[in-house]
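So the chains spell out like this:
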Amino acid sequence: MGINPVLVAEVFGGGIIESMVLGFLGGLANAIAIAVIGQFLLVGLMITTGAATIAGTILGLVIDPSFIRVPYTTGPIIDAGWTVVRDFANMLIVFFLIIIGLGTALRLGQYEAKTTLPKLIGVALLINFTPVITGLIVDVSNMFMKFFLEGLGGFGLVGNLVTNLFNVATGNLTDISLIPKLLAVMVFQVFAAVIFMLFAALFIMRKVAIWILVILSPIAFVSSVLPGTSGLFKMWWSQFFQWSIIGIFAAFFLWLGDHVISM
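Please read all numbers here as calculations on a predicted model, not as lab measurements.

1. What to know about the overall build of the protein chain
Helix and strand counts for the protein chain stand at eight helices and zero strands. Counted over contacts in the protein chain with a minimum sequence separation of 6, partners at least 24 positions apart contribute 81%. Accessible surface for the protein chain amounts to roughly 15400 Å². Of this, 78% is attributable to carbon and sulfur atoms.

What follows is the structure, given as structure tokens:
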């Protein structure tokens, strides 16, 4: 039996070749689609890398020892503001003396001289040394902060980690299996940028808050004399203590995160 040339032409010329052409075009379309998606992801990765780098740089400047050593209880603004507040506190002392006199005359137990006058005299002496008192507390907390922050190498390590992930993820943009890696790196860098900025903002706010609290310290000390105003001193002390020690906890968690990454 002979071979039918028409049948051969239909099989090889019409079916197989057509399938090969369609398969080639389909593969080419997929490759182009993957390449386009990869390029868009690469642009996004460059943006997130820049954001993480900027945030890490800002945090590095904020936790730098030179920034931490900036005076917390002295300086042109603090000295000027504290002097005005101290003079106002001295006027309050005179006003409180009048209240104590009235309280003694009216026999108001908590306001009598034997109860409040010794405290008033002590506070009148202490308000001139409030920068020294507050500075001592801040210096102790900064010592613990520096203990944790001076051992940090994690920001360089995070940078190296991001660089390595970037190199791996962008090694072959036509490989569809790398798209999840690109997305993972982008998510990691977004979280890193947010965390770095939050910590940087915390350290900056800590310094500003302590400046304000130091300036207000004379009024806070004077308010501790009378029962009716002692709540102001408790509130001031609570804020001052919290803003002082929060730097220790922040530095500890940065140190901990650094060592976790280093493992």
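2. A closer look at the environment of Met-145
Locating Met-145 in the fold gives a position in helix 5 (residues 130-149). A relative accessible area of 1% means that Met-145 is categorised as buried. The contact partners of Met-145, leaving out residues within four places of it in the chain, are Ile-68, Phe-203, Arg-206, Gly-247, Ile-248 and Ala-251.

3. A look at the side chain of Thr-48
Mapped onto the elements, Thr-48 comes out in helix 1 (residues 5-62). Classification of Thr-48 by relative accessible area gives buried; the value is 10%. Within the structure, Thr-48 has its side chain in polar contact with the side chain of Gln-189 (distance 2.6 Å). Those residues within four positions of Thr-48 in sequence are excluded, and the remaining contacts are Met-186, Gln-189 and Val-190.

4. Details of the nonpolar core
Within the largest apolar cluster, 43 residues are counted, with the highest numbers of intra-cluster contacts made by Leu-59, Phe-203 and Val-222. Ranked by the residues each element gives to this core, the list is headed by helix 7 (residues 179-223), at 13 residues. Within the second largest apolar cluster, six residues are counted, among which are Leu-41, Leu-45, Ile-179 and Val-185.

Criteria and cut-off values
- Residues numbered from 1 in each chain as written.
- Predicted model: local features only at pLDDT ≥ 70, side-chain atom pairs only at ≥ 80, totals over all residues.
- Heavy atoms only, no water.
- Helix = DSSP H or I, 4+ residues; strand = E, 2+ residues; numbered from the N terminus.
- Contact = heavy atoms within 4.5 Å.
- Areas by Shrake-Rupley, 256 points an atom, 1.4 Å probe, with all protein chains shown as cover.
- Buried < 20%, exposed > 50% of the residue type's maximum accessible area, 1.4 Å probe, protein only.
- Polar contact = N/O pair within 3.5 Å; in protein donor to acceptor, adjacent residues only side chain to side chain.
- Core = buried A, V, L, I, M, F, W, Y, C linked by side-chain atoms within 4.5 Å.

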